[in-house]
Amino acid sequence: MLAVHLVSFFFSKLQEDPTKKVDRFLYAMRIHDDQLTDISARFQAEMKKGLSAESNAAAAVKMLPTHVRSTPDGSEKGQFLALDLGGSKFKVLQVEVREGMGIRRGGVEMEEKTYSIPKELLNGKGTELFDHVSESLKDFLHEKNISLEKKHPLAFTFSFPCEQSTLNQGLLLNWSKNYRARGLQGKDVVQVLREAVDRTGGMDVEVLAMVNDTVATMMTCGFDDRYCEVGLIIGTGTNACYMEELRHVDLVEGDEGRMCVNTEWGAFGDDGALKDFITEFDRDVDAASNNPGKQLFEKMVSGMYLGELVRLVVLKMAKLGLLFDGHVSNALKTKGKITTAHVAAMEEYKNGLKNTRDILTELDLTPSPDDCIAVQHVSTIVSFRSSNLVAAGLAAILTRIKQNRNLRKLRITVGMDGTLYKMHPQYPKRLHKVVRRLLPECHVRFVLSDSGSSKGAALVAAVAQRLASQRRKVDETLSPFRLNQEQLQLVKARMRAGLEAGLKSKISSGIKMLPSFVYHTPDGTERGKYLALDLGGTNFRTLLVDFKKGLQQNSRLYHKIYTIPLEIMQGTGEELFDHIVQCISDFLDYMGMKNAHLPAGFTFSFPCEQTAIDTGTLVSWTKGYKATDCEGHDVVGMLREAIKRRNEFDLDIVAVVNDTVGTMMSCAYEDPQCEIGLIAGTGSNLCYMEELKNIEKTKQEEGKMEREEGTPERQGDMQDDKIRRMCINTEWGGLGDDGSLDDIITPYDVEVDQNSVNAGKQRFEKLTSGMYLGEVVRQVLLDLTRGGLLFRGHVTEPLKTPGIFQTKYLSQIESDRLALLQVRSILQQLGLDSTCDDSIIVKEVCGAVSRRAAQLCGAGMAAVVDKMRENRGLDHLNITVGVDGALYKLHPHFSKVLQETTSVLAPQCDVTFLPSEEGSGKGAALITAVARQKQDM
């Protein structure tokens, strides 16, 4: 009875507008924007599922990695052979790619020949099929007079489902398109091709890449448009690929850069994700297919099925009496009688209705004008739904790309191919319009591919060849920075020899081994108030440290920072020290301690020669200071004279120290095993507690002092039988000044050294410290760019500017949490417009330079701790190193590499690294406290 009522209802509507009649009948196929947005969100969820290693096996959308890591950049060149196997015929091509020219400007030229495949081979042995392909390839080489002696790179377009573990390997998952060749499923078809070529003989072929047609489409369009990072096929079948961030592709190792992912989106909905959008006609098409329940999205949108969908709708409407006065012909009942080509013809702008009448007449129907309008409208709704669904899927891909790159707006190009897209008169316009409506924040350009699968495969091979060549050259450039264990052992041995030489007064050594006259580390009994003064750069720091019970948690620290103006830094020495004293006066006023006679320690981080703990003769200014009448003078004496001139307060300056010693003392207050201080920052230096008997300089100085002054009180420590060690400021940055590091110094290091203010000096420091690492990186980047391996070979003014690449950029770029897009942003701030590939190389250069620095510091540290172990006659040494400096504290990997290298090179030493919180300032106060305590004993 329901059917009778439905027929009566439809007959009552026969006189109305035929398009409205169709609209009501196909209301389930009319998808609105809010529904498209929902479908797009569902597809994004499917993409995420397919990319995850945990959920990929159960995912309908497989998101297959293609191992294509880069789109063309215009520098590709060379001649390539290409095989295109995917239908009843296959093509062999020779493709020439010319550097710097797009396809439209003749940058790619092709010669090709099409070969048929005998039907018996489609269902025969797989080896026989590939033997035929190989013999056809050899025939092509003969016909085109291509040398058989020369090695030919080859690209293989293989448009069947494959699982790839590398660019030139692919396991056949299953055949399609009438292919049923035996013995190949689950095998590597590239290897099968190689074996066939070997059997044929007489050819030297290297298969560089295997791709499917979607990827080839993207690559073809990418040769003309560098923004092309999506490939889309809408033809007999449908599929899409795009460049995904490698960190999201779980099935492939590595997280740097991007990789093209073949979505295989035709299977979207196979797990029920589209069940509320699938109509009875879709179910009928699926049931009659050769793979029921599979490729449901493809069956809703692709050219293989649209004509059949239209036929089923028209048939149902005719049976209900809504068309042709209820007449149904046998032809209309026959599967495949309406094709997608018919659908396209019916929707032509001018001739659409005439074409519709002709098509229906051929089906033995007698359509009225309203029938023709209605059937044309059916075609429009079916094809419009197709373009809407494709737009929703594409919008999901573009949204993911935009989110991956954290962009507010996205500019991107989509490479297009497929007969439905090319032949249907309205399809492209509809698709473009809906995509732009769904994603108003994206500027999307659509480019039609020209011979996509063939040219694109050759371009994949060309890009692979470019990247392989680039990789070899980058590796060659960076190989001198990659030190092996043998080289590091040699550095350790040379550092040890330099330490020993520096301790002997009569032997000239690049490592100065300066006595600090600090004999004791804190023992926890220090108490009282001490002033610390810290001058080491453009700031002067004053600190008051109150040690209450000798326990760190009970010590208090107050400080203020004062700026040293440039005119003071470069004025007279008297003006500089008067300014320092003015700052001290202000701090004492601030603390309400102007009348207190405080003991003070002076951290003075410039090269000084000490003859006692409270004297230090300035050797030379650094860090931009040029104050006159200071070099060659005792800086403690100059400070004392300035205090007298001001005549407002008095200080007892007990000690002058450098920042390395201050760092050791500060950490020793927390850990009694700390007997080494390391600075790994703008500069590089180390101090440690050396056996007093080994320090010949101290013995000479002691004798000199006895002759000149008798036995002053300050020699009490030296004469104390309990005194066995003194802290030595190694000034290890001078290692290599005698040429002992020439075998590991690179041409980039030489360039940095020659352009420095102290050429030939501090060679080890120039390999390890923050002041120079950025400049070493810049020199490498400059060389790579001149070689065409970076920034498209364009040497910009910023890249030629010394000092622009600061070491802080190394720390930022090497951060594991930093995406390549952020690396590109840092480079753009420096005026360096980089691609994703450029960013990967820059990060690699930074890593090589900073890793070498950390390894060299580790080799030096190993030399020091082994020397201390042997000095003390120990089989095993447990020791702590106090560390300060931005390179150690801020660089994401420096500290770990330093510790690992030390451990490997000094296996009999257990070394703990303790970062200093208030190194040089608090350390100076502790040295003062320790020295005062010993004097009072």
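Residues numbered from 1 in each chain as written. Predicted model: local features only at pLDDT ≥ 70, side-chain atom pairs only at ≥ 80, totals over all residues. Heavy atoms only, no water.

1. Looking at the overall build of the protein
- Along its length, the protein carries 33 helices and 26 strands.
- Here the protein has a C-alpha radius of gyration of 39 Å; the compact-globule value for 937 residues is 30 Å, and the former is much larger.
- Across its three principal axes, the protein shows a C-alpha extent of roughly 130 × 70 × 50 Å.
- Intrachain contacts of the protein at a sequence separation of at least 6 include 72% that bridge at least 24 residues.
- Accessible surface computed for the protein: about 39500 Å², of which carbon and sulfur atoms make up 48%.
- Put simply, the protein has 115 plus and 126 minus side-chain charges, and the middle of one group is 6 Å from the middle of the other. (Helix = DSSP H or I, 4+ residues; strand = E, 2+ residues; numbered from the N terminus. Rg over C-alpha atoms; globule rule 2.2 N^0.38 Å. Contact = heavy atoms within 4.5 Å. Areas by Shrake-Rupley, 256 points an atom, 1.4 Å probe, with all protein chains shown as cover. Lys, Arg positive; Asp, Glu negative; His and termini not counted. Charge placed at Lys NZ, Arg CZ, Asp CG, Glu CD.)

2. So, empty space enclosed by the protein
- This structure, assessed with the given rule, holds two cavities of 30 Å³ or more.
- Empty space within the largest cavity amounts to approximately 40 Å³.
- Forming the walls of the largest cavity are Ile745, Asp749, Val752, Asp753, Arg763, Lys766 and Leu767.
- Residues that form the lining of the largest cavity fall into these classes: three nonpolar, no polar and four charged. (1 Å grid on protein atoms, 1.4 Å probe; cavity = no way out; pocket = protein on both sides within 12 Å on 5 of 7 lines; lining within 4 Å. Points joined across faces, edges and corners; volume = space filled by probe spheres on them. Nonpolar A, V, L, I, M, F, W, Y, C, P; charged D, E, K, R; others polar.)

3. Quick notes on helix α7 (residues 213–224)
- Compared with an ideal rise of 1.5 Å per residue, which puts 12 residues at 16 Å, α7 spans 18 Å between its outermost C-alpha atoms and is within 8% of the ideal.
- Here α7 lies mainly inside the structure; 10 of its 12 residues are buried.
- For α7, every residue scored as buried is listed here: Thr214, Val215, Ala216, Thr217, Met218, Met219, Thr220, Cys221, Gly222 and Phe223. (Expected span 1.5 Å × (residues − 1). Buried < 20%, exposed > 50% of the residue type's maximum accessible area, 1.4 Å probe, protein only.)

4. Observations regarding the pairing of strand β22 (residues 674–680)
- Counting buried positions over the seven residues of β22 gives seven, a clear majority of the element.
- Taken together, the five bridges between β22 and strand β25 (residues 877–884) define a ladder with parallel strand orientation. Residue isoleucine 676 lies in a different strand from β25, and its bridge partner there is valine 881.
- As defined by bridge partners, β22 adjoins strand β23 (residues 684–691) across five bridges and the pair is classed as antiparallel. Bridge assignment links isoleucine 679 to a residue of β23, and that residue is asparagine 685. (Pairing = 2+ DSSP bridges.)

5. What about the environment of lysine 560?
- As for its position among the elements, lysine 560 is in strand β17 (residues 556–563).
- On the accessibility criterion, lysine 560 (25% relative accessible area) is partly exposed.
- With residues up to four places along the chain from it excluded, the contact list for lysine 560 reads Phe540, Arg541, Thr542, Asp586, Phe587 and Tyr590.
- Looking at lysine 560, its side chain comes within polar contact range of the side chain of aspartate 586, at 3.1 Å. (Polar contact = N/O pair within 3.5 Å; in protein donor to acceptor, adjacent residues only side chain to side chain.)

6. Notes on the environment of serine 916
- Tracing the chain through its elements places serine 916 in the loop between β26 (909–915) and α33 (919–936).
- Its relative accessible area of 1% is what places serine 916 among the buried residues.
- In sequence terms serine 916 and cysteine 667 are 249 residues apart; their C-alpha atoms lie 5.9 Å from each other.
- Those residues in contact with serine 916, other than ones at most four positions away along the chain, are Thr663, Ser666, Cys667, Val883, Asp884 and Lys889.

7. A look at the packing of helix α2 (residues 18–25) against helix α14 (residues 369–404)
- The geometry of α2 relative to α14 is characterised by a closest axis approach of 8 Å and an angle of 40° between their N-to-C directions. In this view, α2 runs oblique relative to α14, as classed from their interaxial angle. The two elements α2 and α14 cross, and the hand of that crossing is right-handed. Contact with α2, carried on its side by Pro18, Thr19, Val22 and Asp23, involves Asp370, Ile373, Ala374, His377, Val378 and Ile381 of α14 and no other residues of that element.
- Class assignment for the residues of the contact of α2 with α14 results in six nonpolar, two polar and two charged. (Axes fitted to C-alpha atoms, helices over the stretch in contact; angles between N-to-C directions. Parallel < 35°, antiparallel > 145°, perpendicular 65-115°, else oblique. Left-handed = near helix turned anticlockwise from the far one by under 90°.)

8. So, unusual backbone geometry
- Positive phi, normally seen in glycine, also occurs at asparagine 145, with a value near 55°.
- Mapped onto the elements of the fold, asparagine 145 is located in the loop between α5 (126–143) and β5 (152–158).
- With a phi angle near 55°, phenylalanine 324 is a residue other than glycine that sits in the positive phi range.
- Tracing the chain through its elements places phenylalanine 324 in the loop between α10 (303–319) and α11 (330–333).
- Exposure remark for phenylalanine 324: the relative accessible area of 4% places this residue in the buried category.

9. Looking at the environment of threonine 603
- With respect to the element layout, threonine 603 can be found in strand β18 (residues 598–604).
- Residues threonine 603 and valine 108, 495 residues apart in the sequence, show an inter-C-alpha distance of 68 Å.

10. Describing the packing of α10 against α14
- For the pair α10 and α14, the least separation of the axes is 10 Å and the interaxial angle reads 140°. Put simply, α10 runs oblique to α14. Crossing handedness for the pair α10 and α14: right-handed. Residue-level contacts link Leu306, Leu309, Val310, Val313, Val314 and Met317 of α10 to Val375, Val378, Ser379, Val382, Ser383, Arg385 and Ser386 of α14.
- Tallied by class, the residues present in the contact of α10 with α14 amount to nine nonpolar, three polar and one charged.

11. Regarding the pattern of salt bridges
- Enumeration according to the criterion identifies 53 salt bridges in this entry.
- Linking glutamate 347 and arginine 430 is a salt bridge whose minimum nitrogen-to-oxygen distance equals 2.6 Å. Residue glutamate 347 is found in the loop between α12 (340–346) and α13 (352–362), and its partner arginine 430 is found in helix α16 (residues 427–438); the two are separated by 83 residues along the sequence.
- Measuring nitrogen to oxygen at the nearest pair gives 3.3 Å for the salt bridge that ties arginine 869 to aspartate 866. One end of the pair, arginine 869, and the other, aspartate 866, are both in helix α30 (residues 836–871), three residues apart, so they sit about a helical turn from each other. Neither arginine 869 nor aspartate 866 differs from the other in exposure class; each is buried.
- Salt bridges linked by common partners bring Lys492, Arg496, Glu500, Glu690, Asp866, Lys867, Arg869 and Glu870 together as one network. (Salt bridge = Lys/Arg side-chain N within 4 Å of Asp/Glu carboxyl O.)

12. A word on the sheet that holds β17
- As summarised here, the arrangement of the five strands in space is β17-β16-β15-β18-β21, forming an open sheet in which the pairing is mixed. Single-partner strands in this sheet number two, and they are β17 and β21 (651–657). Across the sheet, the axes of successive neighbouring strands diverge by a mean angle of 20°, strand direction being ignored.
- Examined bridge by bridge, strand β15 (residues 528–535) and β18 share five bridges and lie parallel to one another. Paired with aspartate 534 across the bridge in β18 is threonine 603.
- Docked against the sheet, helix α21 (residues 635–646) engages β15, β18 and β21, running at close to 155° with respect to β21.

13. Focus on the confidence of the model for the protein
- With 91% of its residues at a pLDDT of 70 or more, the protein shows a mean pLDDT of 87.
- At the level of individual helices and strands, the protein shows its lowest average pLDDT in helix α1 (residues 2–12), which scores 45, and its highest in helix α32 (residues 894–905), which scores 97.
- Of the regions scoring below 50 in pLDDT, residues 1–14 engages in 10 contacts with residues more than four places distant in sequence or in other chains.
- With pLDDT under 50 throughout, residues 703–721 is counted as low confidence; its partners more than four residues away or in other chains account for 23 contacts. (pLDDT = per-residue confidence, 0-100.)

14. A few points about helix α20 (residues 573–591)
- End to end, α20 covers 27 Å across 19 residues, agreeing with the expected 27 Å (1.5 Å per residue, within 8%).
- Looking at the residues trailing α20, positive phi occurs at glycine 592, about 70°.

15. Re the sheet that holds strand β8 (residues 205–211)
- Overall, mixed pairing links the five strands, which are arranged β4-β3-β2-β5-β8 in an open sheet. Since the sheet does not close on itself, it has two edges, and those belong to β4 (108–116) and β8, each with one partner. The mean inter-strand angle of the sheet, taken between neighbouring strand axes irrespective of direction, is 20°.
- As judged from the six bridges shared by β5 and β8, these two strands associate in the parallel manner. When the bridges of β8 are listed, leucine 154 appears paired with valine 207.
- Sitting on the sheet, helix α6 (residues 189–200) is in contact with β2 (78–85), β5 and β8, with an inclination near 155° to β8.

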